[in-house]
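Per-entry structural report
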Amino acid sequence: MITPELLHPQSIVVIGGSNNVHKPGGAIVRNILQGNYQGTLRIVNPKEDEVQGIKVFHDAKELPPTELAILVIPAKLCPESVELLASEKDTKAFIIISAGFGEETKAGAAREQRILDTCERYGAALIGPNCIGLLNRNHHSVFTKPIPSLNPQGVDFVSGSGATAVFILESAVIKGLQFNSVWSIGNGKQIGIEDVLQYMDEHFDPNTDSKVKLLYIENISNPDKLLFHASSLIRKGCRIAAVKAGSSESGSRAASSHTGAIASSDSAVEALFRKAGIVRCHSREELTTVGCIFTLPPLAGKRFAIVTHAGGPGVMLTDALSKGGLEVPKLEGPVAEELKSQLFAGSSVANPIDILATGTPDQLGITLDYCDQRFDNIDAIAVIYGTPGLTTLYEAYEVLHKKISECKKPIFPILPSLHTAGPEVAEFLAKGHVNFSDEVTLATALSQVMRTPQPAPPEIELFGVDVPKIREIISGITDNGYVSPDIVHQLLECAGIPMVPEMVSDDKQTLIDFANRTGYPVVAKVVGPVHKSDVGGVTLNIRTPEHLALEFDRMMNIKDAQGVMVQKMLKGTELFIGAKYEERFGHVVLCGLGGIFVEVLKDVQSGLAPLSYGEAYSMIRSLRGYKIIKGTRGQQGIKEQKYAEIIVRLSTLLRFATEIKEMDINPLLADADDIVAVDARILIEK
């Protein structure tokens, strides 16, 4: 629970505050004082009479009622202190800096639980233990530096790691990113990242609250709560980016399907963030860069003008933007020639617009005006401007400052000369701007922002999916394991997923009759072994009854063979869909191109069931092989809408069949007109 006393306390006591600012107890007192805290600050220290100019209480029993307590004492002393303060001093909020709790030993975990029980009994909020504290515009209750600039429109930052929070703040401050609050939740015994988001969501005021949230997450304890409140905040106008650390696995849970081999907790995180509309980041630099992007006006399109006086960085930015799916359109025609006439000889306006190292601040301003007002095929402007030692940067950055305020199109300043032009960059940042010192990092972050879809609608797509029949089929399955092909066929039919004509039998003549009716060529596959190809259990391009008879006899002699499946042989682009049930998250659905793309390149995208059509399209269009789906080099593309429909239908099936733990449809065969499932496996565990 988050109480008013935690956020804006009228009185604070630091238990263990000291004069040594090189230790947490002294540093936290210093930061509270330097933060101009307006309430009453008290200190408890049995060995000091005065701490940093404040008269000290030698024992917490001597304290008057105090709203917020910050504990910087050994872990073994914390439970008794919390009990005393909550029961006798009416303390309604605790920040426990101390370590040595559940993160270390069982005895520490017991102390932590005792503290939690006390806080719950007295209705008190608890941050930590094992954290750096809480920083907001009311009180700077952290023992670390840097202390960033704070204002209501700054970023709300929530971190599951104290040290990482400090490093992220370092990365942010140098970019000019400002903050509204910084939450270090530590062990998160009572208040976790999901709880902070819940509070921000339920108390959100669009007129006064920050609309940018940055998260550093080490553990997602409640995916549903995170999804609900993050989605809600984004729908209210907020923008959220997050790093989820610790989601890779060494690979390797034993897996009996392609999906089991590929899916991991990282797939679940990717799927959760996609559904919520959270921009996924993978480093501190990327997170703070996205945070800076969020402070600028939203992009209305993908077309960038690059204005620079250094050719190389402009080319690198062009490459990086193009790689990320953004555009740097060529600028030509009368307007471009008109601009060129106002620049020095040798300048280029083709885009990147290179005004040369000798270009003046006035020419920078003219170029920005043309990009903003005269070029209709431009949506945003990136300005790369450092020091070549030939111009006065103060003047150039003053021009940039004015144009950022005046121009309708967003301007992304890339000021790389942090060493040789430190004072000039600092003055620019002091005017409320941000700086992207590296153009490729900016392009990577921009592409990630543009690829992130809006939160998915909560409604489930039920049209054409026979849920009662699905439940009837699942209820009739008594054994765990891979189900028979006829059950697979029935379930996919209930979901409206088309399958290639097929028959399974252990009778040779029955299969020959089916092939004669269907028409040759056909495919034969052994039924029983999980990995058919590994045991020689798949034969393609069977063109005669005699060949089919020979293959039937051979396959029935394979170990564990129970029968043979015969299918009409079709041609088309191979696609893949799979799903795996992840504890707490639900079903993670994967899609991609089939064959080598899924087996070797692992080119897959994930979503969390149930999926909307928007999520399905986002998954498909985020594939590295998406150009094949669209059609490339004279090859016809596939019916993308049908692929998205099958993904959505499968996710609805899974939503109502949680007993399905793994599932592959590999391949689906697709052409410009249709997509059909050729082979599928479903693993049931009840």
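Treat the numbers as computed from the prediction; the structure is a model and nothing was measured.

Comments concerning the side chain of Thr66
Along the polypeptide, Thr66 turns up in the loop between strand E4 (54-57) and strand E5 (68-71). Residue Thr66 is classed as buried on the basis of its relative accessible area, which comes to 1%. In this structure the side chain of Thr66 is engaged in a polar contact, spanning 2.9 Å, whose partner is the backbone oxygen of Pro64. Look past the residues within four positions of Thr66 in its chain and what remains in contact with it is Ser11, Ile12, Val13, Arg42, Lys89, Asp90 and Thr91.

Re the pattern of salt bridges
In total, this model carries 26 salt bridges according to the counting rule given. Between Lys225 and Asp195 there is a salt bridge, and its shortest N-O distance comes to 2.8 Å. A residue pair is termed long-range when its members are at least 10 positions apart, and Lys225 in helix H7 (residues 223-235) and Asp195 in helix H6 (residues 193-202) qualify at 30 residues. Note on Lys225: relative accessible area 22%, which makes it partly exposed. Judged by its relative accessible area of 22%, Asp195 falls in the partly exposed class. For the salt bridge of Arg374 with Glu338, the shortest nitrogen-to-oxygen distance reads 3.0 Å. Taken together, the positions of Arg374 in helix H13 (residues 361-374) and Glu338 in helix H12 (residues 334-340) put the pair 36 residues apart, joining distant regions of the chain. Assessed through its relative accessible area of 36%, Arg374 is described here as partly exposed. Through salt bridges with shared partners, one network takes in Asp266, Glu270 and Arg280.

Quick look at the state of the cysteines
Counted under the stated rule, the structure contains zero disulfides. Not part of a disulfide, Cys78 finds its nearest cysteine sulfur in Cys131, a span of 11 Å. Its relative accessible area of 0% is what places Cys78 among the buried residues.

Re the nonpolar core
Core analysis: the biggest nonpolar cluster contains 58 residues, and Leu6, Val14, Leu41, Ile70, Ile95, Trp183 and Phe273 have the highest contact counts within it. Considering every element that reaches this core, the biggest residue donor is helix H9 (residues 265-276), with six residues. In this structure, Ile474, Cys494, Ala616 and Ala657 belong to the second largest nonpolar core, which totals 49 residues.

Brief notes about the sheet that holds strand E12 (residues 212-217)
The seven strands are arranged E9-E8-E11-E10-E12-E13-E14 in an open sheet whose pairing can be described as mixed. If you trace the sheet from one side to the other, it starts and ends with strand E9 (140-142) and strand E14 (279-281), each paired once. Strand-to-strand twist of the sheet, defined as the mean angle between neighbouring strand axes without regard to direction, takes the value 20 degrees. As judged from the six bridges shared by strand E10 (residues 150-159) and strand E11 (residues 179-184), these two strands associate in the parallel manner. Counted as the bridge partner of Leu150 is Phe179 from E11. Strand contacts of helix H10 (residues 284-294): E10, E12, strand E13 (239-244) and E14, with the helix running at about 180 degrees to E13, the strand carrying the most contacts.

Observations concerning a nonpolar patch on the surface
On the surface, a nonpolar cluster with roughly 280 Å² of combined accessible area is contributed by Ile596, Val600 and Leu601. Topologically, Leu601 is positioned in the loop between helix H21 (596-599) and strand E26 (604-608).

Re the sheet that holds strand E22 (residues 538-542)
Taking strand neighbours across the sheet as the criterion, the four strands line up as E20-E23-E21-E22 in an open arrangement whose pairing is antiparallel. A single partner strand is all that each edge strand has here, and the edge strands are strand E20 (502-505) and E22. For this sheet the average axis-to-axis angle between neighbouring strands, irrespective of direction, equals 20 degrees. Here helix H19 (residues 508-518) sits on the sheet in contact with E20, strand E21 (522-527) and strand E23 (563-568), set at roughly 170 degrees to E20.

Things to note about the packing of aromatic side chains
Summed over all chains, the structure comprises six aromatic pairs. On the basis of an interplanar angle of 45 degrees and a centroid distance of 5.7 Å, the ring pair of Phe304 and Phe412 is categorised as tilted. With Phe304 in strand E15 (residues 304-308) and Phe412 in strand E18 (residues 411-414), this residue pair connects regions lying 108 residues apart in the sequence. Neither Phe304 nor Phe412 differs from the other in exposure class; each is buried. With a centroid separation of 6.4 Å and 75 degrees between ring planes, the pair formed by Tyr385 and Tyr397 is classed as edge-to-face. Of this pair, Tyr385 sits in the loop between strand E17 (380-384) and helix H14 (393-406) while Tyr397 sits in helix H14, and the two are 12 residues apart along the sequence. Residue classification places Tyr385 among the buried positions, given a relative accessible area of 1%. Here a set of aromatic residues connected by ring pairs shows up, and it is made of Phe304, Phe412 and Phe436.

Remarks on the confidence of the model for the protein chain
Residues of the protein chain with pLDDT of at least 70 account for 97%, and the chain-wide mean is 93. Below pLDDT 50 for its whole length, residues 250-258 participates in 21 contacts with residues either more than four positions away or in separate chains.

Remarks on unusual backbone geometry
Glycine aside, a negative phi is what most residues show, and trans is what most peptide bonds show. For the peptide bond that leads from Lys145 to Pro146, omega is 5 degrees, which places it in the cis range. With respect to the element layout, Pro146 can be found in the loop between E9 and E10. Residue Ala609 is joined to Pro610 through a cis peptide bond whose omega torsion reads 0 degrees. With respect to the helices and strands, the residue Pro610 is situated in the loop between E26 and helix H22 (613-621). A positive phi angle, close to 55 degrees, is found at Lys602, a residue other than glycine. Its location among the elements puts Lys602 in the loop between H21 and E26.

What counts and how
- Residues numbered from 1 in each chain as written.
- Predicted model: local features only at pLDDT ≥ 70, side-chain atom pairs only at ≥ 80, totals over all residues.
- Heavy atoms only, no water.
- Helix = DSSP H or I, 4+ residues; strand = E, 2+ residues; numbered from the N terminus.
- Buried < 20%, exposed > 50% of the residue type's maximum accessible area, 1.4 Å probe, protein only.
- Polar contact = N/O pair within 3.5 Å; in protein donor to acceptor, adjacent residues only side chain to side chain.
- Contact = heavy atoms within 4.5 Å.
- Salt bridge = Lys/Arg side-chain N within 4 Å of Asp/Glu carboxyl O.
- Disulfide = S-S within 2.5 Å.
- Core = buried A, V, L, I, M, F, W, Y, C linked by side-chain atoms within 4.5 Å.
- Pairing = 2+ DSSP bridges.
- Axes fitted to C-alpha atoms, helices over the stretch in contact; angles between N-to-C directions.
- Patch = residues over 30% accessible without salt bridge, like charges linked within 9 Å, V, L, I, M, F, W, Y side chains within 5 Å.
- Areas by Shrake-Rupley, 256 points an atom, 1.4 Å probe, with all protein chains shown as cover.
- Phe/Tyr/Trp six-rings, centres within 6.5 Å; stacked < 30°, edge-to-face > 60°.
- pLDDT = per-residue confidence, 0-100.

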